[in-house]
Amino acid sequence: MRIVENFIGGASAAGGTRHSDIFDPNSGQVQARVALGGAAELQKAVDAAKAAQPAWAATNPQRRARVMFNFKALVEQHMDELAHMLSSEHGKVIADAKGDIQRGLEVIEFCCGIPHVLKGEYTQGAGPGIDVYSMRQPLGIGAGITPFNFPGMIPLWMSGVAIAVGNAFILKPSERDPSVPVRLAELFKEAGLPDGILSVVQGDKEMVDAILDHPDIAAVSFVGSSDIAHYVYQRGVAAGKRVQAMGGAKNHGIVMPDADLDQVVNDLAGAAFGSAGERCMALPVVVPVGADTAERLKAKLIPAIEALRVGVSTDPDAHYGPVVTAAHKAKIENYIQMGVDEGAELVVDGRGFTLQGHENGFFVGPTLFDHVKTGMRTYQEEIFGPVLQIVRAADFEEAVALPSKHQYGNGVAIFTRNGHAAREFAARVNVGMVGINVPIPVPVAYHTFGGWKRSAFGDTNQHGMEGVKFWTKVKTVTARWPDGSADGGNAFVIPTMG
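Since this is a predicted model, take the numbers as computed values, not measurements. (Residues numbered from 1 in each chain as written. Predicted model: local features only at pLDDT ≥ 70, side-chain atom pairs only at ≥ 80, totals over all residues. Heavy atoms only, no water.)

J.: Mind showing me how you'd approach the overall build of the protein here?
T.: Scanning the protein for helices and strands turns up 16 helices and 23 strands. Relative to the compact-globule value of 23 Å for 498 residues, the protein shows a C-alpha radius of gyration of 25 Å, a close match. Counting over 498 residues, the protein shows a buried share of 56%. Pairs at least 24 residues apart make up 72% of the contacts formed inside the protein by residues separated by at least 6 positions. A total accessible area of about 19700 Å² is found for the protein, and carbon and sulfur atoms account for 52% of it. (Helix = DSSP H or I, 4+ residues; strand = E, 2+ residues; numbered from the N terminus. Rg over C-alpha atoms; globule rule 2.2 N^0.38 Å. Buried < 20%, exposed > 50% of the residue type's maximum accessible area, 1.4 Å probe, protein only. Contact = heavy atoms within 4.5 Å. Areas by Shrake-Rupley, 256 points an atom, 1.4 Å probe, with all protein chains shown as cover.)

If you want it as structure tokens, here you go:
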């Protein structure tokens, strides 16, 4: 059976003695195994990074950008291969898998302009004969701990910026779908990245803890559940690291009475059920404002949901495929039962869904709840599956309050034709990313991604200029060149002293 191992120092490297199964979510069968390492394997990656990083940092930014250009071209050439590899381990349909990789490539495109964004500030004549300038320098070695749901995009979000600014980077992908990150590392090497600058280490909590504790790793970026994000943040900061840890979400979609409901339903079909709902920017809660809006929306949602096609990940007509593991399928179905027990109205039940010829696959049908209340656990917690909940709001003020008071603050959307309502909502809602008639408001690569409250721990967001700031440190230089006269020229005066 195929074993997925590490990629260290530019080559495949043996993993640990423990192993974890990699499933084909379509069939439920084990298709490969991944070797789970720990401190020993991490140390090899750190040693390779320490040997390679100084020269990479000294490479001028334009040459580093050329590696990014080459890498982008190689990923595009291998898009079909990568998408099928990703789909086979994760279960998302091929179109979603290509989107996963493409959104990561958009950050690589941003990194192609790294010479421009690394320019510092300069002040001539800050004092008598004194010039002041700043420079952004790499931290040294960074690490990324990434989740199963975006095995292409999120590793590229982290590694692209970290490497472009001059760091070495160690990636620990999810053990559930670890093959794509290794293949991306191989393509980076082919693009001209020096050996040791990007390593991929496989593992579970043992490897995570080794990364968080290692004294030579200066910064850690994490995406996953909020409880683990909080753990990663606390342990990493306690070890003196810079940490950004992105957590879970419960994104709301506010539907105003004037919204185009046909467009809203079309958007919800993709935002709530696409990729089987396994996205931190999915839209699992819809909030119609007013009873009439709720009834009209529900009447349109039911046939749209019943028309969704659930299929194997290679089915070009499928709207979404299986979830990632049997355990996750069971967790989602337990949440559906919990919703019933809590008193919500189960309008469409996705439990017990099977696909002929793939009866053991990890499939969950689309599910719809109505009359969900804010005190229910199913509303308070992240389900991370193809489950849409209707939470009714009496008016605009209640619609603003619902996402604002929720423990998560990743994304939110409002659907309306009223510009004033949209502007007011965007300004007041206590959430990090807002969509106006955009159901999944993931910012473009040259802006930045990050939520609020328990959706993010740390002060700096992913990619864009915030990413550049996270993976660099600022050095400010105050320079004075005496004119060579006997008295040494003018006396040195700190500018703020007058």
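On we go.
J.: Any chance you could explain the packing of aromatic side chains here in plain terms?
T.: Think of a pair of aromatic rings as described by two things: how far the centres are apart, and how the planes are tilted against each other in angle. This model, assessed by the stated rule, comprises nine aromatic pairs. Ring plane angle 0° and centroid distance 3.6 Å describe the contact between F71 and F188, whose orientation is recorded as stacked. Placement of the pair is F71 in helix α2 (residues 61-77) and F188 in helix α7 (residues 179-190), with a sequence separation of 117 residues. Each member of the pair, F71 as well as F188, is classed as buried. Taken together, a centroid distance of 6.3 Å and an interplanar angle of 55° make the contact between F353 and F363 tilted. Residue F353 is found in the loop between β15 (345-348) and β16 (367-370), and its partner F363 is found in the loop between β15 and β16; the two are separated by 10 residues along the sequence. Taking relative accessible area as the criterion, F363 reaches 1% and is therefore assigned buried. (Phe/Tyr/Trp six-rings, centres within 6.5 Å; stacked < 30°, edge-to-face > 60°.)

J.: When you look at the pairing of strand β4 (residues 18-24) in this model, what are you seeing that I'm missing?
T.: For a regular strand, side chains alternate in direction, first toward one face of the sheet and then toward the other. In terms of strand pairing, β4 meets strand β5 (residues 29-36) through seven bridges, oriented antiparallel. For D24, the partnering residue across the bridge sits in β5 and is Q29. Hairpin geometry of β4 and β5 is characterised by an intervening segment of four residues between the two adjacent antiparallel strands and by a positive phi of about 80° at G28. (Pairing = 2+ DSSP bridges.)

J.: Got a minute to help me understand the sheet that holds strand β1 (residues 3-4) in this structure?
T.: Backbone hydrogen bonds hold the strands of a sheet together, and the pairing may be parallel or antiparallel. Read from one edge to the other, the open sheet built from three strands follows the order β1-β5-β4, with strand pairing classed as mixed. Whereas interior strands pair on both sides, the edge strands pair on one side only; in this sheet they are β1 and β4. Sheet topology note: the β1/β5 ladder contains two bridges and is parallel. Of the residues in β5, the one forming a bridge with I3 is R33. On top of the sheet, helix α3 (residues 79-90) reaches β4 and β5; it is set at about 100° to β4, its chief contact. (Axes fitted to C-alpha atoms, helices over the stretch in contact; angles between N-to-C directions.)

J.: Even after reading the chapter, I still don't get the packing of α3 against helix α4 (residues 94-111), so can you show me in this structure?
T.: How two helices pack is summed up by the angle between their axes together with the distance between the axes. Between α3 and α4, the shortest axis-to-axis distance is 8 Å and the interhelical angle comes to 115°. For α3 against α4, the interelement crossing comes out right-handed. Of the residues in α4, those touching α3 at M79, D80, L82, A83, H84, L86 and S87 are I94, A97, K98, D100, I101, Q102 and L105. When grouped by side-chain class, the residues that make up the contact of α3 with α4 number eight nonpolar, three polar and three charged. (Left-handed = near helix turned anticlockwise from the far one by under 90°. Nonpolar A, V, L, I, M, F, W, Y, C, P; charged D, E, K, R; others polar.)

J.: Any chance you could explain the sheet that holds strand β20 (residues 433-436) here in plain terms?
T.: Across the sheet, which stays open at both edges, the seven strands sit in the order β15-β16-β17-β14-β13-β19-β20 with mixed pairing between neighbours. Looking at which strands have only one partner, the edges of the open sheet turn out to be β15 and β20. The mean angle between the axes of side-by-side strands here comes to 20°, regardless of whether they run parallel or antiparallel. Here two bridges tie strand β14 (residues 285-288) to strand β17 (residues 387-390), and the two strands are oriented parallel to one another. Counterpart to V285 in the pairing with β17 is Q389. Strands in contact with helix α15 (residues 419-428) are β13 (252-255), β19 (411-415) and β20; relative to β19, the strand with the most contacts, it is inclined by about 165°.

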